Amino acid sequence: MNGQRSQIRSLWVESGVAWVALIALLALNMALAFLPLNGLNVAANLFVAFVMAAISGLFLMGLRGDSALVRLVAIGSLFWLVVMFALTFTDYFTRPV
Amino acid sequence: MSSATLSQEHADSDLPPSEPWSNIAEETEAASFGMWLFLGTEVLFFGGLFLSYTIARFLYPQDFLEAARHTDIYLGATNTIVLLTSSLTMVVAVRGADLGARRLVWICLAATAALGALFLTIKGFEYWEDIREHLVPGRGFAVQGFGATLFFSLYWIMTSVHAVHLTVGVILIARLAWLMRSEPLRLPDLPVYGLYWHFVDTVWIFLFPLLYLAGRA
Amino acid sequence: MTDAAIGQGMPKAAEEPRSYLDTESFVSWLTTTDHKRIAVLYAITVTFFFLVGSGAMALIRYELTSPQGNILSDEAYNRLFTLHGVVMVWFFLIPSIPAIFGNFLLPLMIGARDVAFPRLNLASWYLNFIGGLFVLYALLAGGVDTGWTFYTPLSTMFANGNVIAAAVGIFITGFSSIATGINFIATVHLLRTEGMTWFRLPLFVWAMYAVSLVFILATPVLAITLVLIMAERLFGLPVFDPANGGDPLLFQHLFWFYSHPAVYIMILPAMGVVSEVITCFARRQVFGYTFMVFSLVAIAIIGFFVWGHHMFVSGMSSYAGVVFSLISFVVAVPSAIKVFNWTATLYRGQISFESPMLYALGFVGLFTVGGLTGLFLAAIPVDVHVHDTYFIIAHFHYIMVGGSVSALYAALHFWWPKVTGKLYPENWARFAAILMFFGFNFTFFPQFLVGYLGMPRRYHVYPPEFQTLQVMSSTGASVLALAYALPIVYLTWTLFNRDWKAPDNPWGATGLEWQTSSPPPKENFRALPAVHSAPYHYHETGEAPDPRAQDEAEQ
């Protein structure tokens, strides 16, 4: 029983670390939004969001320990999104202004 | 700790595996794989919305960003904290099941559902405020410009679609919490619910900067 | 999990396990999780929608026999071809081979007892059927006049009709596709029997896997597109509306991102069927198995990169057009590889012309014509001339009807003995196959001509000089309809006839599904087989045909 209790405690600690990191990154993102970065704000915000998503994926969703197949599914769907964006923008980027 | 390391000692006290699986570990691995595939489809589902957002922002950058300043950053940030905390309780519930800690599991599941419901309540209040401030495209829309109309159109659509996903999650997690108070732990179910919930949280992690932090500088 | 390899013959009747068809009750069919029963449920509903769509086709062809239109108003005609397109695409072609034959055969072909998620499989069928009824209601009670493509701003702002109801129904059905895709992928990854490595999988299984990739990556984008239509039409939230700064072309990008891969959903399973049938009736190993596998996957993947070829004349940037045109040429290559390999498979074969083989060979010819005309269309200048004409209609009907429906009928005749335990009258079947081939060409080849001459699609009033070709097409359609109806009649007849009992392996084929009884028992196999060889082992390389089942040990 004690073994379980200490396991539960370390579970809370490990998960808590991830939570603290996510909250800190949220605060960082909000701060970055107000800095005059000359149009790079969105890039900075999205970068931080990606880091947060990576923490969520790796530490909360289990991607760190999962099989290569599952990681392939995660990366594959993101890659497909990139394809959708890229090919659609071949139209929008090259339209006559 | 992934579900693949689940020990067999739980097998006796928990529900037997469903067909066609011959043991719980196999069924859990299959269920998680199936949920990851479903989340892959959700990436593309929300992806269509993100694409629409990107194009609207690309076409009308100025009024788009001007309109974005009208979202309530405090409510948005509060909701983000609520959702991140619900992910904390969810991951403890899922991993607690591996430890066989039934009480921890159902309490954390209930907490997750409650935090989700809190998110929806705050969102509902925010919607009411937005309506009062005439931030709905159509007659009486308060902000000028094509970009503004598109921004708020997408704001309403994206947050509603997210809220629907959240509501489904809250209902299913609350139901599971209720069942886990007395029934044997459903080991293959928990990672599946966890993955779905974390995904809904991750979508919000992207929605928040795009809808609430845009145009603030 | 696996036991010893199955021997040559099946044991006596007293020991035989119950067939999956033996029914306790009607209700047990509606609550089944047996993939074979779910396949039969799909067969019933898919056939129903085929009949509905065919009825619409008959009315359309009748209407077009006269240049002034016969019996329909413009508005009614718009609703009719919309109904034809929506029902045939989403409720007939997309489910047909994967939901019926994929569900039935996938676990059998890999030596499993069921799919990975049997309850999800049943949910799939209910979603498909309920969505279908929803859409049918929308289409019949008032109708939709936008065409199956739902282009904005017509669909969101100006169309009079049940656009929202139709969109909701299609949205619901989309989940059926997604669930099937998830089920098949998990099944192939996790439930292959001992010895069934990836490169020993029959090509039909690879086709199911490839189509499942398309199901899960493409369908969600359709779903969100429908949501956006509903948001704009129902809640007045503009996204595509140009009056509010929206871009109608964004709809087309999102719609075709799904709908082009959707046509590969309709052809990949057909290709899988053809590989199974041609190898069996030529008694040959398939030529270039590895290339066949990579071609299936390549078609599935590259098919996602070409959607802009539907938009060459839409106002899209011409530079984007060039990119999509180039990739559209590339996507033809793996299909061509498959056609060459099927042909090469026939070389030195002991070819016999049973009805499945007739349908499969018909597929190869008709698919080739459809595919070649696709190459014409990939060239932008040609497409500018024939876009939105009957040339396009002929092109896609050659592939979807000449191709996929031929393959569906091939599958129906090839696996009928396995699914139902009955044989069918072979002479009628051969007659129907040949009749279909001639009826099909009679129907659709004139459409290439009339389209090239300038007849627009979706018009029921046309210049009188096109009438001859249109009447030819409609005449052909009557023959085609007869050819499609005939098998439905005689196959149904065999169900009520005691005399046509099928052996386990009437064709002497090598797949694992043929190594169990016809029809199979509920648990598929008494003992799960172990696989020792590559598929289609109809002969040793360089020697005469000597079929060895996949689970037979080497001699």
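Source: prediction; values computed, not measured. (Residues numbered from 1 in each chain as written. Chains lettered and ligands numbered in written order. Predicted model: local features only at pLDDT ≥ 70, side-chain atom pairs only at ≥ 80, totals over all residues.)

Asks: Honestly, the overall build of chain A in this entry has me stumped. Any pointers?
Replies: Within chain A one finds three helices and zero strands. In sequence order, the secondary structure elements of chain A are arranged as α-α-α. Computed over its C-alpha atoms, the radius of gyration of chain A comes to 19 Å, more than 25% above the 13 Å expected for a compact globule of 97 residues. Over its C-alpha atoms, taken along the principal directions, chain A stretches across nearly 70 × 40 × 10 Å. Counting only residues that meet the buried cut, chain A has 30% of its 97 residues in that class. (Helix = DSSP H or I, 4+ residues; strand = E, 2+ residues; numbered from the N terminus. Rg over C-alpha atoms; globule rule 2.2 N^0.38 Å. Buried ≥ 20, exposed ≤ 12 C-beta atoms within 10 Å, placed from the backbone.)

Asks: Where do I start with the overall build of chain C in this structure?
Replies: Across its full length, chain C holds 16 helices and zero strands. The C-alpha radius of gyration computed for chain C amounts to 23 Å, which stays within 12% of the reference 24 Å derived for 555 residues, consistent with globular compactness. Dimensions along the principal axes, computed over C-alpha positions, put chain C at roughly 70 × 45 × 45 Å. Residue burial in chain C is summarised as follows: out of 555 residues, 57% are buried. For chain C, restricting intrachain contacts to residue pairs at least 6 apart in sequence, the fraction spanning at least 24 positions comes to 83%. (Contact = placed C-beta atoms within 7 Å.)

Asks: I would appreciate a short explanation of the interface of chain A and chain B in the present structure.
Replies: Much of the literature gives interface size as the accessible area that the parts lose upon coming together. Counting residues at the interface gives 43 residues for chain A, matched by 38 residues for chain B. Among the elements of the structure, α1 (2-34), α2 (41-60) and α3 (68-92) of chain A are those that each provide at least two residues to the side of chain A that touches chain B. For the side of chain A that touches chain B, the element with the highest residue contribution is α1(A), accounting for 15 residues. Looking at side-chain class alone, the side of chain A that touches chain B contains 29 nonpolar, 13 polar and one charged residues. (Nonpolar A, V, L, I, M, F, W, Y, C, P; charged D, E, K, R; others polar.)

Asks: Just checking my understanding: could you explain unusual backbone geometry for this structure?
Replies: What is expected of a backbone is that most residues other than glycine have negative phi and most peptide bonds are trans. All names here are of chain C. Here the amide bond leading from T152 into P153 is cis, since omega sits at -5°, within 30 degrees of zero. Within the secondary structure, P153 is located in the loop between α5 (118-140) and α6 (154-158). Cis geometry is found at the peptide bond from S518 to P519, where omega equals -10°. Relative to the helices and strands, P519 is located in the segment after α16 (467-495).

Asks: Mind showing me how you'd approach the domain arrangement of chain A here?
Replies: Here chain A is partitioned into domain 1 (1-61) and domain 2 (66-97). On a C-alpha basis, the centres of domain 1 of chain A and domain 2 of chain A stand 24 Å from each other. (Domains from an automatic or database assignment.)

Asks: Can you walk me through the confidence of the model for chain A in this structure?
Replies: Low pLDDT means the predicted atomic positions in that stretch should not be read closely. Looking at chain A, the pLDDT average stands at 92 and 98% of residues meet or exceed 70. In the model of chain A, α1(A) stands out as the element of lowest mean pLDDT, 93, in contrast to α3(A), which has the highest, 95. (pLDDT = per-residue confidence, 0-100.)

Asks: What exactly am I supposed to notice about the interface of chain A and chain C here?
Replies: Facing the 10 residues of chain A at the interface are 11 residues of chain C. Per-class residue counts for the side of chain A that touches chain C are five nonpolar, three polar and two charged.

Asks: Mind showing me how you'd approach helix α2 (residues 61-68) of chain B here?
Replies: It helps to recall that an α-helix has 3.6 residues per turn; residues three or four apart then point in one direction. Residue and element names in this part refer to chain B. Of all the positions in α2, only F64, L65, A67 and A68 are classed as buried. Considered in projection along α2, the buried side chains sweep an arc of 160° and stay on one side of the axis. Summarising the contacts, the buried residues of α2 are in contact with α1 (24-59), α5 (146-180) and α6 (189-212). (Arc of directions from axis to C-beta.)

Asks: What is the right way to read the nonpolar core from this model?
Replies: In a soluble, globular protein the nonpolar side chains are often hidden away together inside. C:L268, C:V274 and C:A410 are the most contacted members of the largest nonpolar core, which totals 284 residues. Each of two domains, domain 1 (1-61) and domain 2 (66-97) of chain A, supplies a minimum of three residues to this core. Those residues in contact with C:L268, other than ones at most four positions away along the chain, are C:A207, C:A210, C:V211, C:L296, C:I299 and C:A300. (Core = buried A, V, L, I, M, F, W, Y, C linked by C-beta atoms within 7 Å.)

Asks: Please explain the environment of B:L15 as it appears in this structure.
Replies: All names here are of chain B. When you line up the elements, L15 lands in the segment before α1. For the pair formed by L15 and L185, sequence separation is 170 residues and the distance between their alpha carbons is 7.3 Å. Each residue touching L15, except ones within four places of it in the same chain, is listed here: P184 and R186.

Asks: Just checking my understanding: could you explain the packing of helix α4 (residues 96-110) of chain C against helix α14 (residues 390-420) of chain C for this structure?
Replies: Packed helices, taken two at a time, are described by the angle between their axes plus the distance between the axes. All names here are of chain C. Interhelical geometry of α4 versus α14 gives an angle of 25° and a closest axis separation of 11 Å. As summarised for this structure, α4 and α14 are arranged roughly parallel, according to the angle between their axes. Of the two possible hands of crossing, α4 and α14 adopt the one that is left-handed. On the side of α4, the interface is formed by S96, I97, F101, F104 and L105, while α14 contributes A407, L408, A411, W415 and V419. Grouping the amino acids of the contact of α4 with α14 by side-chain chemistry returns nine nonpolar, one polar and no charged. (Axes fitted to C-alpha atoms, helices over the stretch in contact; angles between N-to-C directions. Parallel < 35°, antiparallel > 145°, perpendicular 65-115°, else oblique. Left-handed = near helix turned anticlockwise from the far one by under 90°.)

Asks: What should I look at first to understand the environment of C:H387 in this one?
Replies: All names here are of chain C. Its place among the elements puts H387 in the loop between α13 (380-386) and α14. The exposure class assigned to H387 is partly exposed, which follows from the 19 C-beta atoms found within 10 Å. Placed 13 residues apart in sequence, H387 and G374 show a C-alpha to C-alpha distance of 12 Å. When near neighbours in sequence (up to four residues on either side) are disregarded, H387 contacts F312, V313 and I392.

Asks: Looking at this structure, I do not really get the confidence of the model for chain C. What am I missing?
Replies: With 95% of its residues at a pLDDT of 70 or more, chain C has an overall mean of 92. We note a pTM of 0.93 for the whole complex and an ipTM of 0.93 for its interfaces.

Asks: Please explain the packing of helix α9 (residues 248-282) of chain C against α14(C) as it appears in this structure.
Replies: All names here are of chain C. Closest axis-to-axis distance for the α9/α14 pair is 9 Å, and the angle between their directions is 45°. If you check the angle between α9 and α14, you find them oblique. Where α9 crosses over α14, the two elements pack in a sense that is left-handed. Contacts between α9 and α14 pair M266, I267, A270, V273, V274, E276 and V277 from the former with I399, M400, G403, S404, A407, A410, A411 and F414 from the latter.

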